Amino acid sequence: MINENILKLELSGIRKMFEMAGEDTINLGLGQPDFQPPEDVIEVYKRSMLDGNNGYGSSYGLPDLREEIAKCQSRHRSDLTMDNVMITVGATQALRITLESTVGKGDEVLYPEPGFVLYEPQISLAGGKAVPYPVLQQNDFVPTIDKLEELRTPSTKAIIVNSPGNPTGGVFTKNDVKEITSWAQEHDMLIISDEVYEMMVYEDEHVSFLGDYDNVIAINSFSKTFAMTGWRIGFMVTGQEWIRQIGKLHYYTIACPPTPPQHAVLYALKDRLDFVDEMTETFRRRRDVIVERLNGIEGIDCLNPRGAFYAFPTFEYDLSSQEFAMALLKKGVIATPGDAFGPTGEGHIRFSYANSTENIIKAMDILEETVREIYPSSP
Ligand SMILES: Cc1ncc(COP(=O)(O)O)c(C=O)c1O
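The following refers to the structure shown. (Residues numbered from 1 in each chain as written. Predicted model: local features only at pLDDT ≥ 70, side-chain atom pairs only at ≥ 80, totals over all residues. Heavy atoms only, no water.)

**Description of the sheet that holds strand 14 (residues 349-352)**
What counts, and what does not: At least two bridges found by DSSP between two strands are what make those strands a pair. A run of DSSP states H or I qualifies as a helix once it reaches four residues; a run of E qualifies as a strand once it reaches two. Both are numbered from the N-terminal end.
With antiparallel pairing, 3 strands are arranged side by side in an open sheet as 10-14-13. The open sheet has two edge strands with one neighbour each: strand 10 (310-311) and strand 13 (336-337). Judged from the 2 bridges that link them, strand 10 and strand 14 form a sheet pairing that is antiparallel. Bridge pairing in strand 14 places Tyr-310 opposite Ser-352.

**Here we look at the site of the ligand**
Threshold: Proximity is defined per residue: any heavy atom of the residue falling within 4 Å of a molecule or strand makes that residue near it. Any pair of nitrogen or oxygen atoms within 3.5 Å is treated as a polar contact; in protein, a donor-acceptor pairing is required on top of that, and neighbouring residues in sequence qualify only through side-chain atoms on both sides. Residue-level accessible areas treat just the shown protein chains as cover; the underlying method is Shrake-Rupley with a 1.4 Å probe. Charged means Asp, Glu, Lys or Arg here, nonpolar means Ala, Val, Leu, Ile, Met, Phe, Trp, Tyr, Cys or Pro, and polar covers whatever is left, Gly included.
The ligand sits among 14 residues. The nearest are Ala-91, Thr-92, Asp-194, Ser-221 and Lys-224. Within the side chain of Asn-166, one N or O atom sits 2.8 Å away from an oxygen atom of the ligand. With respect to the ligand, the side chain of Lys-224 contributes an N or O atom lying 2.6 Å from an oxygen atom. Across the complex, the protein chains shield 93% of the 400 Å² of accessible surface that the ligand would expose by itself. In terms of residue count, the dominant contributor to the shell around the ligand is helix 5 (residues 90-102) (3 residues). Each residue belonging to the shell around the ligand can be placed in one class, and the counts come to 5 nonpolar, 6 polar and 3 charged.

**Description of the pattern of salt bridges**
The criterion, for reference: Think of a salt bridge as a Lys or Arg side-chain nitrogen and an Asp or Glu carboxyl oxygen that are within 4 Å of each other. Buried means the residue's accessible area, taken with a 1.4 Å probe over protein chains only, is under 20% of the maximum for its type, while exposed means over 50%, and partly exposed covers the values in between.
Taken as a whole, this structure holds 26 salt bridges when the rule is applied. Linking Arg-293 and Asp-365 is a salt bridge whose minimum nitrogen-to-oxygen distance equals 2.6 Å. Here Asp-365 lies in helix 13 (residues 357-374) and Arg-293 lies in helix 11 (residues 273-295), a separation of 72 residues in the sequence. Of the charged contacts, one joins Arg-293 and Glu-368 as a salt bridge, the two residues approaching to 3.5 Å between their closest N and O atoms. With a gap of 75 residues between them, Arg-293 in helix 11 and Glu-368 in helix 13 connect regions that are remote in the sequence. Using a relative accessible area of 26% as the deciding quantity, one classes Glu-368 as partly exposed. Via salt bridges that share partners, Glu-203, Glu-281, Arg-284, Arg-285, Arg-287 and Asp-288 belong to a single interconnected network.

As structure tokens, then:
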């Protein structure tokens, strides 16, 4: 028998909608880079298998990789060692074991809305009460302390934060991070910081929540960084005792992260950060193209995304985000309706710019045409 927790879960209907897409459809719905990892990194993966690295490894992950991550992340917090790092099966599993290990029955966990679709179900599966907090365009997609304070109760145990944000492209400033951290610290709250788009920041530097406050678990991943979402290598960085405790559940869940790709990721991290810079620069150029086009359309208002690879404009047409996405799909463009990221996302539509500039331009032409039909007064 399937238990009630699982029966209650629902899969997003959006995938079904996308399955209706024809062959020539331009996909601006993608949540992953339209790049391949560098060839030499793939070669290291292959060689790693041929060299016999096909057995179980340490449950915490390859020591050399943990060491290298600690070195890289020490730009956020200087006292990190490999004992502060655990390799996971993507950020997805890191989030899952973090919530499962820290949330008790009835504990409330604040999470961003519109936000990444895994937060709410993962909090609920851990037995917690998922409490959404709004991240609104008028506030640069950053939560306000006033609103967080309004939502806080004596049962609030943790807050999930996500910068750069999916689906919003919002990026927290140093001051935002400082304010949220002080507020969480004042109320003895755990901060679970999803930083998977850390390397894709356009205007400023990424500001991590890793810092002086000890109750922070930073969740990260190589999925987007090296365009290897299918390799399933992520990591968490936190206090050593947190790693020891969460590490137990990690072991009983997956035994160990996959061995061969960790060797390739280690190589990539040491030798191919140039790839990340180049990819991010490409995303920045495409962002400039898509945002200019979006803001040139009457009834659409797009805040310049400062990170990740999503534009999340509002629209003021008389239809729901699902209807708008469906109208676009019929014309050959996949975009994600804003309400897929929670009810606060209604009135928005997400365009991923993980597609070629040529396709983005074509998609924007189609969008203009679609809008002309649904909003006849537009140019
Ligand atoms: C904000 C955010 N967190 C986590 C993930 C999951 O990443 P991973 O592939 O490492 O599991 C995604 C993927 O889309 C994401 O957008």
